[in-house]
Amino acid sequence: MSDTTIRMYGADWCGDCRRTKHQLDGLGVAYEYIDVAADDAAAQEAQRIAGRQNIPVVVYPDGSHHVEPSNPELQAKLEELALV
């Protein structure tokens, strides 16, 4: 992962995941999408990071993360990291 790439663990069936992807895409923010429905190891990693099974799990370049972030929470973090 580069210094400015976000990792997003999610699944296509997840409404919050689709919303978060739409926001990132709309802002033109680079991110790596990791489909937890297609990869059991990725699902376990997302659960380890989050401490629970909720998705999306968004991991930021500074090592912090959000679980099911709201649009304002995601926007604020992207601004803090100067990614938007």
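Residues numbered from 1 in each chain as written. Predicted model: local features only at pLDDT ≥ 70, side-chain atom pairs only at ≥ 80, totals over all residues. Heavy atoms only, no water.

### Observations concerning the pairing of strand β1 (residues 6–10)
Where burial is concerned, most of β1 is hidden: four out of the five residues are buried. Judged from the five bridges that link them, β1 and strand β2 (residues 31–35) form a sheet pairing that is parallel. Its bridge partner lying in β2, R7 is registered against E32. Tracing the backbone out of β1, into helix α1 (residues 15–27) and back to the parallel element β2 gives a crossover that is right-handed. Bridge count between β1 and strand β3 (residues 57–59): three bridges; the pairing is antiparallel. Note on β3: the bridge partner recorded for M8 is V58. (Buried < 20%, exposed > 50% of the residue type's maximum accessible area, 1.4 Å probe, protein only. Helix = DSSP H or I, 4+ residues; strand = E, 2+ residues; numbered from the N terminus. Pairing = 2+ DSSP bridges. Right-handed = clockwise from strand over helix to strand, strands pointing away.)

### Notes on the packing of aromatic side chains
The final tally for this structure, using the stated rule, is zero aromatic pairs. Looking at K77, its charged tip hangs above the ring of Y60, at a distance of 5.6 Å from the centre. (Phe/Tyr/Trp six-rings, centres within 6.5 Å; stacked < 30°, edge-to-face > 60°. Lys NZ or Arg CZ within 6 Å of the ring centre and 35° of its normal.)

### So, the sheet that holds β1
With mixed pairing, four strands are arranged side by side in an open sheet as β2-β1-β3-β4. A single partner strand is all that each edge strand has here, and the edge strands are β2 and β4 (65–67). Each strand of the sheet is rotated relative to its neighbour by a mean of 15°, with strand direction disregarded. (Axes fitted to C-alpha atoms, helices over the stretch in contact; angles between N-to-C directions.)

### With respect to the nonpolar core
Ranked by internal contacts, the top residues of the largest apolar core, which has 23 residues, are I6, Y9, L24, I55 and V57. For this core, the elements supplying multiple residues, two or more each, are β1, α1, β2, α2 (40–50), β3 and α3 (71–80). Excluding its chain neighbours within four sequence positions, the residues that come into contact with I55 are Y9, G10, A11, W13, C14, D16, C17, V36 and E68. (Core = buried A, V, L, I, M, F, W, Y, C linked by side-chain atoms within 4.5 Å. Contact = heavy atoms within 4.5 Å.)

### Overview of the pattern of salt bridges
Oppositely charged side chains can form a pair if their charged atoms are brought close together. For the structure on display, the rule yields four salt bridges. For the salt bridge of K77 with D62, the shortest nitrogen-to-oxygen distance reads 2.8 Å. Of this pair, K77 sits in helix α3 while D62 sits in the loop between β3 and β4, and the two are 15 residues apart along the sequence. For K77, a relative accessible area of 10% puts it in the buried group. Look at D62 and you get partly exposed, because its relative accessible area is 44%. With a closest N to O distance of 3.1 Å, E80 and K77 form a salt bridge. Here E80 and its partner K77 are both found in helix α3, three residues apart, which amounts to about one turn of the helix. Counted as one network, the salt bridges with shared partners bring together D62, K77 and E80. (Salt bridge = Lys/Arg side-chain N within 4 Å of Asp/Glu carboxyl O.)

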